[in-house]
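# Report on the structure
Now for the letters of each chain:
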Amino acid sequence: MFKKSWLFILFLLVFLPLSANADITLKFNGFIADEANLLSEEVENDLNMTLWDLQKKSGADLVVVTLPSLNGRTVEDVALDIGRSYKLGAVGKNNGMVYLTALTERRMRIEQGLGLESKIPVSTLENIMNNDILPYYKQNNYELGIRRGTYLLAQTVAQAEGVKIKKQGICPPKAASSGTSSKDGDIPWWAWPIVILGALCSPRRGRFSSGSFGGFGGGGGFGGSGCSGSW
């Protein structure tokens, strides 16, 4: 009886920590895993084309993940899990980035790989989060916030890696103040001329093909550098 009790305790010590830190499973469409269904098909295509160009020119993997819930885990742990499990960034460069949004907990995280830590200050990520993403999230305009945040993060990574990328789609303007927030995810009235002009001038390079996407780079080195926020 005593021996069986020790065996049971040993089982708990060994296997429970493994299950608590089990790799998260996501359904990626290119660089996007929209598990919370916040993005339209067209927006996913535009973002994927932009992120694919970033990967081709720099080896950097920037993934956009939305989750209905963190299921009791911290947003920091989940973001690290994603970056390491999916081996984001090129081998030897570890230039991956995770942009994670958790709907139920109203938490978000931008996690950067070890290879970007010395190139992108955390203050730069905080600035994008606080001034470009969270104002839209606070208005429940998640798609606009994700669009603007992804384009700005992709441009930031591209500059850090010394490349120029082509953006497909329209980057929304900064969100209006809370007193003039728009309904149903609409763009503020004053921004429509900018959006329409941008749509007319924006290059459309076709649809993103998952068959052309060769997967992530095989890096996965993440040390916990990034920023978290809530709304």
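This text goes with the structure placed above it.
Calculation rules
- What you see as residue numbers is a count from 1 along each chain, following the sequence as written.
- Confidence filtering applies because this is a predicted model: local features only for residues at pLDDT of at least 70, side-chain atom pairs given and counted only at 80 or more, and all residues used for totals across whole chains, interfaces and linings.
- Only hydrogens and water are set aside; all other atoms, that is, all heavy atoms of the structure, feed into the side-chain values.
- Should DSSP find at least two bridges between two strands, the strands are regarded as paired.
- A helix here means a DSSP run of H or I that spans at least four residues, while a strand means a run of E at least two residues long, and both kinds are numbered starting from the N terminus.
- To obtain an axis, a line is fitted to C-alpha atoms, over the contacting stretch when the element is a helix, and the angle between two such axes runs from 0 to 180 degrees between their N-to-C directions.
- Note on contacts: a residue pair is in contact if any heavy atoms of the two residues lie within 4.5 Å.
- Two rings belonging to Phe, Tyr or Trp (six-membered ring only in the last case) form a pair when the distance between their centres is within 6.5 Å. Interplanar angles under 30 degrees mark stacking, angles over 60 mark edge-to-face geometry, and anything in between is tilted.
- Criterion for a charge above a ring: Lys NZ or Arg CZ within 6 Å of the ring centre, and within 35 degrees of the ring normal.
- Should an angle lie under 35 degrees it is considered roughly parallel, over 145 roughly antiparallel, and from 65 to 115 roughly perpendicular; all remaining angles are considered oblique.
- Ten residues, namely Ala, Val, Leu, Ile, Met, Phe, Trp, Tyr, Cys and Pro, are considered nonpolar, four, namely Asp, Glu, Lys and Arg, are considered charged, and the remaining ones, Gly among them, are considered polar.
- When a residue's accessible area, from a 1.4 Å probe over protein chains only, is under 20% of the maximum for its type it is buried; when over 50% it is exposed; and in between it is partly exposed.

Moving on, we come to the sheet that holds strand β3 (residues 96-102). Spatially, 5 strands are ordered β1-β2-β3-β4-β5 in an open sheet, and the strand pairing comes out mixed. Because the sheet does not close on itself, it has two edges, and the strands there are β1 (32-34) and β5 (222-230). Across this sheet, the average inter-strand angle for adjacent strands is 10°, counted without regard to direction. Two strands pair when backbone bridges link them, and β3 and strand β4 (residues 107-113) are joined in this way by 6 bridges, in the antiparallel orientation. Its bridge partner being in β4, Tyr-99 is matched across the sheet by Ile-110. Taken strand by strand, helix α5 (residues 122-137) contacts β3, β4 and β5, and its axis lies near 35° from that of β5. Those strands touched by helix α6 (residues 142-161) are β2 (61-67), β3 and β4, and its axis lies near 165° from that of β3.

Under the definition given, this model contains 7 aromatic pairs. Aromatic pair Phe-28 and Tyr-86: ring centres 5.1 Å apart, planes at 70°, arrangement edge-to-face. Of this pair, Phe-28 sits in the loop between α1 (2-20) and β1 while Tyr-86 sits in the loop between α3 (75-85) and β3; the two residues are 58 residues apart in sequence, bridging distant segments of the chain. The structure contains a cluster of three or more aromatic residues connected by ring pairs, namely Phe-28, Phe-31, Tyr-86 and Phe-216. Sitting above the plane of the Trp-52 ring, Lys-56 keeps its charged end 4.5 Å from the centroid. Sitting above the plane of the Tyr-151 ring, Lys-167 keeps its charged end 5.2 Å from the centroid.

This part covers the packing of helix α2 (residues 41-58) against α6. The geometry of α2 relative to α6 is characterised by a closest axis approach of 10 Å and an angle of 10° between their N-to-C directions. Classified by the angle their axes make, α2 and α6 are roughly parallel. On α6, the residues that touch Val-43, Asp-46, Leu-47, Thr-50, Leu-51, Leu-54 and Ser-58 of α2 are Glu-143, Ile-146, Arg-147, Thr-150, Tyr-151, Ala-154, Val-157, Ala-158 and Glu-161. Split by residue class, the contact of α2 with α6 holds 9 nonpolar, 3 polar and 4 charged.

Moving on, we come to the pairing of β3. Every other side chain in a regular strand lies on the same face of the sheet, so the side chains alternate between the two faces. The element β3 is largely enclosed, with a buried count of 7 among its 7 residues. Of the two faces of β3, both are covered, the one formed by Gly-96, Val-98, Leu-100 and Ala-102 as well as the one formed by Met-97, Tyr-99 and Thr-101. Sheet topology note: the β2/β3 ladder contains 7 bridges and is parallel. Bridge assignment links Val-64 to a residue of β3, and that residue is Tyr-99. Hairpin geometry of β3 and β4 is characterised by an intervening segment of 4 residues between the two adjacent antiparallel strands and by a positive phi of about 55° at Arg-106.

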